[in-house]
Amino acid sequence: MMPRPSLIAAAILLGLPAQAMAAEERAFDVPKGNLSSVLPMISRQAGVSISVVDAKLWQARVKPVRGRMSVEEAIRRLLAGSDARAVRVSATSWRIERRPPPPRVASRTPSPRQAPQPRAREPSTDTVAAAHEEIIVTASKTDLPYSHFAGVATQLDGGDLAFGGERGMDSILSRTATVSSTHLGSGRNKLFIRGIADSSFTGPTQATVGQYLGDIRLSYNAPDPDLRLYDIDNVEILEGPQGTLYGAGSLGGIIRVVPKAPDPREMSVQAIAGVSVTQHGDPGGDIAAIANLPVGDDGHALRLVGYMLTDGGYIDNPMLGQNDVNRVHVRGGRGTFRFEAGDDWTVDLGGIYQVITSNDAQYADKDAPPLIRNSLVQQNAKARYGLGTIVVMKDWGDLRFQSSNAYIEHRLFERFDATVPDGDQAGTVDIERLFSPYDVSVISDRPRVLDQRNATRMFVSENRLSRPYHDGLGWVVGVSFIDNRARQTRDFGIAGSGSAGFSVTLPARGETAAGPPAEIPQAEVSLRGISAILPGVTNRITEVTGYAEATVELMPDLIATGGLRLSHARLGGTAEGLAFALDPSQRATTAVRNETDLLPSFSLLASPLDNVRLYARYQEGFRPGGLAVDGNFVRRFLNDQVRTWEAGMRFGDKGHSLIDASISLSYSRWRNIQADFIDSNGFPTTANIGDGRITSLSGAIAMRPTETLTFELGGVYNHSRVDDFAAQILPVYDTAPGRLGRIPNVAKHAVRGSVNYATVIDDEDFRVNGWASYIGPSRLGIGPVLGESQGDYVDTGLAMRIGNARRGLSLTLTNLFDSRGNRFSLGTPFVEGNEGFLTPLRPRTLRIAVDVAY
């Protein structure tokens, strides 16, 4: 055992780095002015994060700071003589708040024998204060305070998202009522916000939700990459169309993930490891490491994140004699190097790579015992995502410049069961009709599979100049460039033992080729082993955009925001995998066109009473058109557009009031809706199905009866209809017309509640968070084939942690009641009706984890 003097000496030595860091001197050159204009400069020169609690302090006049000194001394000089004070939150973050008034002391006549002693001037409190920070909506691109933002913006703290275990996008879904998702599998899902949803599976249509990492767009018309949310500062969600600032693909809103930036002030290492046990399934585990490394003495730094996760399977397949088949493996990492180039220029070089491997599908049979699926096919999937970024930043007084550039590659492989149902010789994958005008028949007793591959590569660049909001004015102007290429190919295969063959009659030559697949001429059916390459499609888009938006305080307590975006896009598409004999002239297999869109926006926000804000907003969003496979050829679909009118009210200040609440009502008209449906060959395809309307009512309330206890409740109601079907779509829906009107995959209503308790026990932080979500009924897709119901289930969870900033032990329990539910009714799109499938919740799962930091 170490003697007591050694313990004291060790404690002193361990404390030296922190003390040295606190006293480290840096060079400052900050002019006087308003706090809003000089705060970004001193924050960058100090290498720390500084937030402002009271929005009225943004207009405070502050003093210049010049010379070499510690960060604490620089901030003290900056705020000297003002009504503000600085509070150290952590080693790399500070908070500026209004200085509390001096306590009132009852006056009394001093004793003649003892003169009153003057009180020593108290220094700024260097502790974590109880007050919460003012929310700044950085997704507005003008750092607009939430109190001045006309709309619904949700900010989720990165620590809260990681609390209880990292679950990727599921961590966001479990904390919001207005964001929903399909549940085909990790890395394969589509996201929806506020009832704007199009389809159940990934096709050539662009996403309805814009996803961003910082200011970098993550995808264009690919599924959610489901990046793991380790080392995240916060996540911002803006509801409703965001076309003016974010352009195409933001019909429902945006989700912006803000990672933690490299910190040049100190080295830190964090590690997290957990094991999980799933009832009725296999165990799993996760491990992650985060490192921050200063490089040199000039403000450079490197931040690295690496992780590996395995989710145990819980679906059994008796037909193949396999249990817990749907195990998922996730491997990935992220890195950012910050280079201080001098003269206030900062360059961030970053990259991400992640691979998600799903051993099998996660759906089950409705008519089988729970968590059972009988299938002759292992329906595996693999998603690979790579991203490289260069971000350049500079501040000029009140102005801020940022150039964000990235190259993305996203590949997805999916295998579906396309086996002929019992008693159905033709099957739903209608090869006979698919290769029309040939006379084709298929004879097989083997399982059938369809392999689909999506490959996307994208280059994006956005350059903008902004004036962060202060003194009643904020604005942003910018230009962006996107070049996106998305290719989708499909192979139909017959695998396993048994006999199989194609019989093809060639009307053009009047001869017949019969026998096993290898004998079919290459011109008619391209073969790889025992497979047929089906028609595919490549879509390309090059988009150039200019936009501007300004926020102005027209008069006290009345703020207006207006903007405009002009986009010009060149669209092109090519059908692939078609035999030349099928279309010798290549008619209807290629298309090129240009498209120009103008997207205005306008909003007003008024504060008639203290802590009460009313707002009205108009915004538009759009998605460009493209090509989709339809039988032997490709179908061209047009751009769709959403116009949304919204009004809402907010009461209270988040983090300050005993109660804060908000309510929002929006009405959207959706023209030329792009959606996927099952075509006459049994394959998913895309078309403009018609026009629709969506009414959405959402609300949230939070109550903080004590400093340690918080209750939250949120809900949404969506009413959607497709009220004007396109003429070419009506023949497909010749049955069940009453079921056609609702827009798919969005619950008619959803409710979420949570309780959070945090206290200190024997110098250790103790926190408990419990939540429950009810997801109402929804429909799988458009039309009778995809018209199956889903949803109507409750999801629950409980997480707790005890420890401190250096170490902790956590326990998480999800699906407390081990309920099944039906998150998603699509198992495979190639079995008619899909009435036999459901995607259950992950059974009750217990996770125990430890985390350490140095």
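Look up: the structure comes first, before these words.
Everything numeric here is computed off the predicted structure, so don't read it as measured data.

Novice: Kindly report on helix α3 (residues 71–79), identifying the contributing residues and their values.
Specialist: Those residues of α3 that fall on the buried side of the exposure criterion are Val-71, Ala-74, Ile-75, Leu-78 and Leu-79. Looking straight down α3, one finds its buried side chains confined to an arc of 120°; they lie on one side. Phi turns positive one or two residues past the end of α3, at Gly-81, with a value near 85°.

Novice: Provide a residue-level description of the packing of aromatic side chains, including the pertinent values.
Specialist: To describe a pair of aromatic rings, you give the distance between the ring centres and the angle between the ring planes. Per the stated rule, a full pass over the model turns up nine aromatic pairs. Pairing Tyr-212 with Tyr-246 gives two aromatic rings, centres 4.9 Å apart and planes at 65°, and the pair type is edge-to-face. With a gap of 34 residues between them, Tyr-212 in strand β13 (residues 209–213) and Tyr-246 in helix α6 (residues 243–246) connect regions that are remote in the sequence. Residue classification places Tyr-246 among the buried positions, given a relative accessible area of 4%. A centroid spacing of 6.3 Å and a plane angle of 70° characterise the contact between Trp-345 and Phe-401, whose relative ring orientation is edge-to-face.

Novice: An account of the side chain of Asn-804 is needed here, citing residue identities and associated values.
Specialist: You can see Asn-804 is positioned in the loop between β42 (789–803) and β43 (807–814). The residues contacting Asn-804, other than those within four sequence positions of it, are Glu-764 and Asp-765.

Novice: Hey, could you go over helix α2 (residues 35–46) for me, with residue numbers and the actual values?
Specialist: An ideal rise of 1.5 Å per residue puts 16 Å on 12 residues; α2 measures up with 15 Å between its terminal C-alpha atoms. Among the 12 residues that make up α2, 11 are buried, leaving the element largely enclosed by the rest of the structure. Among the residues of α2, Leu-35, Ser-36, Ser-37, Val-38, Leu-39, Pro-40, Met-41, Ile-42, Ser-43, Gln-45 and Ala-46 are the ones counted as buried. In the segment just after α2, Gly-47 is the residue with positive phi, at about 70°.

Novice: Go over the side chain of Glu-646, please, and point to the residues and values.
Specialist: Following the sequence through the fold, Glu-646 ends up in strand β36 (residues 640–651). Relative accessible area serves as the criterion here: at 4%, Glu-646 is assigned to the buried category. A distance of 3.3 Å separates polar atoms of two side chains, one belonging to Glu-646 and the other to Tyr-615. Within the local environment of Glu-646, its side chain forms a polar contact with the side chain of Ser-664, the two groups lying 3.0 Å apart. Discounting chain neighbours no more than four positions away, the residues touching Glu-646 are Gly-151, Val-152, Arg-194, Tyr-615, Ala-616, Arg-617, Ser-664, Leu-665 and Ser-666.

Novice: Quick rundown of unusual backbone geometry? Include the residues and the values.
Specialist: With a phi angle near 65°, Lys-141 is a residue other than glycine that sits in the positive phi range. With respect to the element layout, Lys-141 can be found in the loop between β8 (136–137) and β9 (144–145). On the basis of relative accessible area, Lys-141 is assigned to the buried category, the value being 4%. Of note in this structure, Asp-763 is not a glycine but carries a positive phi near 65°. A relative accessible area of 71% means that Asp-763 is categorised as exposed.

Novice: Go over the sheet that holds β13, please, and point to the residues and values.
Specialist: Within the open sheet, the five strands sit side by side as β10-β15-β16-β13-β14. Their pairing is mixed. Pairing within the sheet leaves two strands with one partner each, and these edge strands are β10 (153–157) and β14 (216–217). Bridge analysis of strand β15 (residues 232–239) against strand β16 (residues 253–259) gives seven bridges, and the strand direction is antiparallel. By the bridge assignment for β16, Asn-234 is matched with Val-258.

Novice: Go over the nonpolar core with me, naming the residues and quoting the values.
Specialist: Counting residues in each nonpolar core, the largest one holds 36 residues, and the members touching the most others are Ile-172, Val-235, Ile-237, Ile-255, Leu-387 and Ile-408. For this core, the leading source of residues is strand β23 (residues 381–396), giving four residues. Aside from chain neighbours lying at most four places away, what touches Ile-237 is Val-152, Ala-153, Thr-154, Leu-156, Ile-172, Thr-176, Val-179, Ile-193, Ile-254 and Ile-255. Counting 25 residues, the second-largest nonpolar core is a separate cluster that includes Leu-57, Val-65, Val-71 and Ala-74.

Novice: Talk me through a nonpolar patch on the surface; I want residue IDs and the actual numbers.
Specialist: Among the surface-exposed residues, Val-275, Ile-802, Leu-809, Leu-811, Leu-846, Ile-848 and Val-850 lie close enough to one another that they form a single nonpolar patch of about 540 Å² accessible area. Contributing elements (two or more residues each) for the nonpolar patch: β43 and β45 (845–853). Looking at which element gives the most residues to the nonpolar patch, the answer is β45, with three residues. Overall, Leu-811 belongs to the partly exposed group, its relative accessible area being 33%.

Novice: Lay out the pairing of strand β32 (residues 590–609) in plain terms, naming residues and giving numbers.
Specialist: As a general feature of sheets, a regular strand has side chains that alternate between the two faces. With 17 bridges joining them, strand β31 (residues 558–576) and β32 adopt antiparallel strand pairing. Of the residues in β32, the one forming a bridge with Ala-560 is Leu-604. Where β32 lies against strand β33 (residues 612–623), seven bridges are found, and the strand directions are antiparallel. Paired with Phe-602 across the two strands is Tyr-618, which belongs to β33. Counting the residues that bridge the hairpin from β32 to β33 gives two residues, and of these Asn-611 lies at a positive phi of roughly 65°.

Scoring rules and cut-offs
Residues numbered from 1 in each chain as written. Predicted model: local features only at pLDDT ≥ 70, side-chain atom pairs only at ≥ 80, totals over all residues. Heavy atoms only, no water. Buried < 20%, exposed > 50% of the residue type's maximum accessible area, 1.4 Å probe, protein only. Helix = DSSP H or I, 4+ residues; strand = E, 2+ residues; numbered from the N terminus. Arc of directions from axis to C-beta. Phe/Tyr/Trp six-rings, centres within 6.5 Å; stacked < 30°, edge-to-face > 60°. Contact = heavy atoms within 4.5 Å. Expected span 1.5 Å × (residues − 1). Polar contact = N/O pair within 3.5 Å; in protein donor to acceptor, adjacent residues only side chain to side chain. Pairing = 2+ DSSP bridges. Core = buried A, V, L, I, M, F, W, Y, C linked by side-chain atoms within 4.5 Å. Patch = residues over 30% accessible without salt bridge, like charges linked within 9 Å, V, L, I, M, F, W, Y side chains within 5 Å. Areas by Shrake-Rupley, 256 points an atom, 1.4 Å probe, with all protein chains shown as cover. Salt bridge = Lys/Arg side-chain N within 4 Å of Asp/Glu carboxyl O.

So, to be careful, I would describe these as geometric facts and stop short of saying anything about function.
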